[in-house]
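Understanding the architecture of this molecule
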Amino acid sequence: MNSVPSAAQELRVGVLGLGRMGSAMAARLARSGHAVSGWTRSGLAPGKARDLGLAAGPDIAAVAHESDIILLSLSDDAAVASVIEELCRGDLTAKVIVDTSTVGPDTLRRQADAIRQAGGGALDAPISGGPDLVAEGKAGLYIGGDAVDVARFMPVAQTLSNRIHHVGKLGMGAAAKIVNNMMLMGYWETLREALLVGKSAGLGLEKMLEILKDSPAASGAFLHRLPVLLGQSSAVGFSVAGVLKDGAMFDRTAAQYGIATPAIAAAVASYRAHAARGHGEEDLATMPRAAYQGA
């Protein structure tokens, strides 16, 4: 694990949204010594709160009141807008809202004036990597926003990540995450197609994966999910349903800029078919494996 901030740098952190990613962030921050509180729309059982090492807030306002840094880990653009609207009803003086969700570049920009009027700062800082990398402090962070707010967030960022990129103005973190995830989405579709060609030519799945893992074609994502591709693990880093949600957002964002994305369309079609066969809650790497197996 990478080093965590010293006690002198500890901040009170609120986490709004405690799915797999939000829970991983909360637990990592609590283990590092930060005082962490959390809220989730579906409710937080006392046992889970203890396991994560955080104080369960009764509502959004209570968590915000007890926090210096407020992390959002939410499902989509509408959820982010709704939670920020609730936050802006209170006093956000000296607080920084940091949206780690995978949403469009304009989502936080549209809320920026309201956040400033409530006294707070805002950053978009989507995470690259799954909950396991967050737990190890090795996830990537793409941060958009003012340097003063980035500096305030940095002790928390350094707890979560050893790959921190301040990429520019508010919204640019989300744009960087979209670029990253579009590349990955296309990668898995290309792998599906390559495995099917190899199968037709007589190559076995295990042999192809053995060849690929030692080749320039082996990305970090491929190596990390090799056990899933081999059928040795059922771990879910990012679900097929999540891929489809993000794919729709990528398509909307690209359309805003007039960019055609046929590779993403092909990937979405493959993942939609995989979900329709009952694999929506499985890891995204099960798609190319299932295609090879004809499942």
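My aim in this report is to walk through the structure given alongside it, one point at a time. The structure presented is a predicted model; accordingly, all values stated were derived computationally and were not measured. (Residues numbered from 1 in each chain as written. Predicted model: local features only at pLDDT ≥ 70, side-chain atom pairs only at ≥ 80, totals over all residues. Heavy atoms only, no water.)

Describing helix α9 (residues 172-200)
Residues three or four positions apart in an α-helix share a direction because the helix packs 3.6 residues into each turn. In this model, α9 (29 residues) spans 42 Å end to end at C-alpha, consistent with the 42 Å of a helix rising 1.5 Å per residue. Just downstream of α9, G202 is the residue with a positive phi angle, here 105°. (Helix = DSSP H or I, 4+ residues; strand = E, 2+ residues; numbered from the N terminus. Expected span 1.5 Å × (residues − 1).)

What to know about the pairing of strand β9 (residues 161-168)
Sheet topology places strand β8 (residues 139-144) next to β9; 6 bridges connect them, and they run parallel. Note that in β9 the partner of A139 across the bridge is S161. Where the polypeptide runs from β8 across helix α8 (residues 147-160) and back to β9, its parallel neighbour, the crossover connection is right-handed. (Pairing = 2+ DSSP bridges. Right-handed = clockwise from strand over helix to strand, strands pointing away.)

Some thoughts on the packing of aromatic side chains
What the rule picks out here adds up to 1 aromatic pair. The residue whose ring lies beneath K199 is Y292, and the NZ or CZ to ring-centre distance is 5.1 Å. (Phe/Tyr/Trp six-rings, centres within 6.5 Å; stacked < 30°, edge-to-face > 60°. Lys NZ or Arg CZ within 6 Å of the ring centre and 35° of its normal.)

Some words on empty space enclosed by the protein
Applying the stated criterion to the full structure yields 1 cavity of 30 Å³ or more. Looking at the largest cavity, its volume works out to about 40 Å³. Together, D99, S101, V103, G104, P105, T107, L108, D124, G171 and A174 line the largest cavity. Within the lining of the largest cavity, the residues separate by chemical class into 4 nonpolar, 4 polar and 2 charged. (1 Å grid on protein atoms, 1.4 Å probe; cavity = no way out; pocket = protein on both sides within 12 Å on 5 of 7 lines; lining within 4 Å. Points joined across faces, edges and corners; volume = space filled by probe spheres on them. Nonpolar A, V, L, I, M, F, W, Y, C, P; charged D, E, K, R; others polar.)

Brief notes about the side chain of S32
With respect to the helices, strands and loops of the structure, S32 is situated in helix α1 (residues 20-32). Take S32: its relative accessible area is 11%, and that puts it in the buried class. Only 2.7 Å separates the side chain of S32 from the backbone oxygen of L29, close enough to count as a polar contact. (Buried < 20%, exposed > 50% of the residue type's maximum accessible area, 1.4 Å probe, protein only. Polar contact = N/O pair within 3.5 Å; in protein donor to acceptor, adjacent residues only side chain to side chain.)

Things to note about the pattern of salt bridges
What the rule picks out here adds up to 13 salt bridges. In this structure, E210 engages K207 in a salt bridge whose closest nitrogen and oxygen atoms are separated by 3.2 Å. Taken together, the residues E210 and K207, both in helix α10 (residues 205-213) and 3 residues apart, mark about one turn of the helix. Its relative accessible area of 41% is what places E210 among the partly exposed residues. A relative accessible area of 42% means that K207 is categorised as partly exposed. (Salt bridge = Lys/Arg side-chain N within 4 Å of Asp/Glu carboxyl O.)

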